[in-house]
Amino acid sequence: DYKYYCQVRENTATCFTATNAVQIKDDVSIWSGSAWSNGAPTLTKKAIINNDYNTTLHGVFECCSLVVNATKTLTVSDGDYVTIDYSIINNGVIVIENNGSIIQIDENSNNTGEVSITRIAQARQYDYIYWSSPVQDFPINSIPNSHRYEWDTTILNPKGTQGNWINPSTTTMTKGKGYIVRASNSAVSAQDLPVVFTGTPFNGMFNFPIKRGSILLSANDNYNLIGNPYPSAIDVGEFLFQNADPSGPNPVIEGAVHIWSHGTLPAAIASPFYQNFTYNYNSNDYIVYNSTGPISGTGTFLGKIASGQGFFVKMNDGAADDSKFVTFK
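Along every chain, residues carry numbers that run from 1 in the direction the sequence is written. Totals for whole chains, interfaces and linings use all residues, but because this is a predicted model, local features are given only for residues with pLDDT of at least 70 and pairs of side-chain atoms are given and counted only at 80 or more. Only hydrogens and water are set aside; all other atoms, that is, all heavy atoms of the structure, feed into the side-chain values.

Lay out the sheet that holds strand S2 (residues 46-49) with the relevant residues and their values.
Consider a sheet: its strands pair through backbone hydrogen bonds, and that pairing is either parallel or antiparallel. The criterion for strand pairing is that DSSP finds at least two bridges linking the strands in question. Numbering of helices and strands runs from the N terminus, with a helix taken as a DSSP run of H or I at least four residues long and a strand as a DSSP run of E at least two residues long. Strands sit in the order S1-S2-S5-S8 across an open sheet of four strands; the sheet is parallel. Two strands lie at the open edges of the sheet, namely strand S1 (28-31) and strand S8 (88-90), each paired on one side alone. Averaged over neighbouring strand pairs, the angle between their axes works out to 10° when direction is ignored. As judged from the three bridges shared by S2 and strand S5 (residues 66-68), these two strands associate in the parallel manner. Note on geometry: axes are C-alpha line fits, over the in-contact stretch for helices, and angles between N-to-C directions span 0 to 180 degrees.

Tell me about the sheet that holds strand S7 (residues 81-84), and please be specific about residues and values.
With parallel pairing, three strands are arranged side by side in an open sheet as S4-S7-S10. The open sheet has two edge strands, strand S4 (61-63) and strand S10 (101-104), and neither has a second partner. The mean inter-strand angle of the sheet, taken between neighbouring strand axes irrespective of direction, is 15°. Sheet topology note: the S7/S10 ladder contains four bridges and is parallel. Bridge assignment links Ile-84 to a residue of S10, and that residue is Gln-104.

Report on unusual backbone geometry, specifying residues and quantitative values.
A positive phi angle, near 75°, is found at Thr-71, a position not held by glycine. When you line up the elements, Thr-71 lands in the loop between S5 and strand S6 (73-76). A simple rule labels every residue: compare its accessible area, found with a 1.4 Å probe on the protein chains alone, to the largest value its type can have, and call it buried under 20%, exposed over 50%, or partly exposed in between. Assessed through its relative accessible area of 68%, Thr-71 is described here as exposed.

Outline the environment of Val-288, supporting the account with residue identities and numerical values.
The topology assignment puts Val-288 in strand S21 (residues 286-290). When its relative accessible area of 14% is taken as the criterion, Val-288 is described as buried. Considered as a pair, Val-288 and Phe-202 are 86 residues apart in the sequence and their alpha carbons are 27 Å apart. Beyond its immediate chain neighbours, meaning those up to four positions away, Val-288 contacts Ala-256, Val-257, His-258, Gly-293, Pro-294, Ile-295 and Ser-296. Only heavy atoms enter the contact rule, under which two residues are in contact if any of them lie within 4.5 Å.

Can you break down the side chain of Asn-290 residue by residue, with the values?
On the secondary structure map, Asn-290 appears in strand S21. Only 2.7 Å separates the side chain of Asn-290 from the side chain of Thr-292, close enough to count as a polar contact. Not counting residues within four places of it along the chain, the set of residues in contact with Asn-290 comprises Val-236, Leu-240, Gly-255, Ala-256 and Ile-295. Here a polar contact is taken to be a pair of N or O atoms separated by no more than 3.5 Å, where protein atoms must pair a possible hydrogen donor with a possible acceptor and residues adjacent in sequence count only if both atoms sit in side chains.

Residues and numbers for helix H2 (residues 236-243), please.
Buried residues of H2: Val-236, Phe-239, Leu-240, Gln-242 and Asn-243, and no others. Along the axis of H2, the buried residues cluster in a sector spanning 155°; they form a single face. One side-chain oxygen at the N-terminal end of H2 lies 3.0 Å from the backbone nitrogen of Gly-237; it belongs to Asp-235. When we speak of the arc, we mean the arc of directions from the helix axis to the C-beta atoms.

Can you explain the side chain of Asp-285? Please cite residues and give values.
For Asp-285, the location among the structural elements is in the loop between strand S20 (257-260) and S21. Positive charges come from Lys and Arg, negative ones from Asp and Glu, while His and the chain ends are left out of the count. Salt bridges are defined as contacts in which a side-chain nitrogen from Lys or Arg sits within 4 Å of a carboxyl oxygen from Asp or Glu. This buried residue, Asp-285, is left without a salt bridge; Arg-124 holds the nearest opposite charge, at 6.9 Å. Within the structure, the side chain of Asp-285 is placed 3.2 Å from the backbone nitrogen of Gly-263, a separation counted as a polar contact. Among the polar contacts made by the side chain of Asp-285, one reaches the main-chain amide nitrogen of Thr-264 at a distance of 2.7 Å. Discounting residues that sit within four places of it in the chain, Asp-285 has contacts with Ile-259, Trp-260, Ser-261, His-262, Gly-263, Thr-264 and Thr-298.

Can you break down the nonpolar core residue by residue, with the values?
One finds Phe-61, Leu-66 and Trp-131 to be the most contacted residues of the largest nonpolar core, which totals 34 residues. With four residues, strand S11 (residues 115-123) is the largest single contributor of residues to this core. We call a set of buried residues a nonpolar core when its members are Ala, Val, Leu, Ile, Met, Phe, Trp, Tyr or Cys and they connect through side-chain atoms within 4.5 Å of each other. In this structure, Ile-210, Ile-234, Phe-239 and Ile-259 belong to the second largest nonpolar core, which totals 23 residues.

Explain the packing of aromatic side chains to me, and be specific about the residues and the numbers.
Only Phe, Tyr and Trp rings are paired, with Trp represented by its six-membered ring, and only when their centres lie within 6.5 Å; those with planes under 30 degrees apart are stacked, over 60 edge-to-face, the remainder tilted. Under the counting rule described, the total for this entry stands at 24 aromatic pairs. Ring centres of Trp-131 and Phe-197 lie 6.0 Å apart, and the angle between their planes is 65°; on these two criteria the pair is classed as edge-to-face. One end of the pair, Trp-131, is in strand S12 (residues 128-131); the other, Phe-197, is in strand S16 (residues 191-199), with 66 residues separating them in the sequence. Take Trp-131: its relative accessible area is 4%, and that puts it in the buried class. Taking the relative accessible area as the measure of exposure, Phe-197 reaches 0% and is therefore buried. Seen from their ring centres, Tyr-289 and Phe-301 are 5.0 Å apart, and the 90° between their planes marks the pair as edge-to-face.

Could you give me a rundown of the pairing of S2, with the residues and numbers involved?
Alternating positions in S2 separate into two faces, Lys-46 and Ile-48 on one and Ala-47 and Ile-49 on the other, with burial throughout. With four bridges connecting them, S1 and S2 associate as parallel partners. The residue of S2 that forms the bridge with Val-28 is Lys-46.

Shown next as structure tokens:
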């Protein structure tokens with residue numbers, strides 16, 4: 001008697017065989033500490049980290065899928081990246097330093113295991129930083145300081161219109177939502193304010209709900225504070241095409257993002273929202289940036305929204321609406 005076996009292999013350039021269940025040996029490369037066992041990994045080759053790997057020492061790389069073995073550490077250094085076509089399985093430690101990135105291509109791949117993502121903002125005294133979590137279930141109270149708020153675009157404010165800062169509605173940071181947190185120092189000049197996000201990194205396309213209030217021709221009740229939910233930067237032009245361009249798939253917001261630069265300390269200037277406080281922040285500290293570049297504001301922004309960064313978008317004016325969303329990819 002003879003037994004015959006058939007293996008079905010996908011016809012696209014991936015490292016997977018038998019519908020993702022088995023990988024042939026030639027499609028895997030293992031890092032031993034000094035070299036890769038099967039040459040540097042590529043987008044068609046699975047990477048296994050079986051000894052400590054630091055991109056500063058050994059270089060950036062791309063792979064089909066990534067496995068970090070127990071007790072081993074992958075460090076993605078400042079300004080470096082690792083690109084992964086599919087999933088991350090972390091049984092060890094993954095450290096992403098400030099301005100480092102983990103980039104994932106496939107939007108349907110789930111990740112297992114936690115990573116540690118450090119983000120450093122420059123802040124002083126009364127500066128507020130706009131944050132958004134790139135990992136699951138990160139406690140809002142883990143960001144230094146006790147002054148933490150989110151923006152509710154429909155709640156009544158002291159001027160009798162809609163839109164106001166409120167205490168966070170959840171104890172963990174919601175995927176895609178932006179939060180503001182005041183600097184935890186009293187320094188006269190800007191100092192580093194690091195936040196270490198620890199958890200399973202987000203991946204995949206998703207829709208984040210946005211809403212506007214019922215007051216026509218009012219800016220406050222159209223703004224929504226959202227944030228980059230990924231462990232890598234997103235491009236403003238691509239984001240606006242998805243969400244603002246009339247030729248894009250989901251044109252529900254104006255064609256710009258609003259980036260807070262906190263360049264000016266509170267002073268005796270009119271409130272940009274309510275005109276009812278003695279000391280206020282300067283609304284010119286918002287950098288308004290569209291797909292062609294900055295429109296207004298002070299400070300420097302180059303069109304890439306960093307991992308962990310929150311920002312405002314403004315819904316197009318109209319009747320009250322809580323049925324819309326912005327798309328992240």
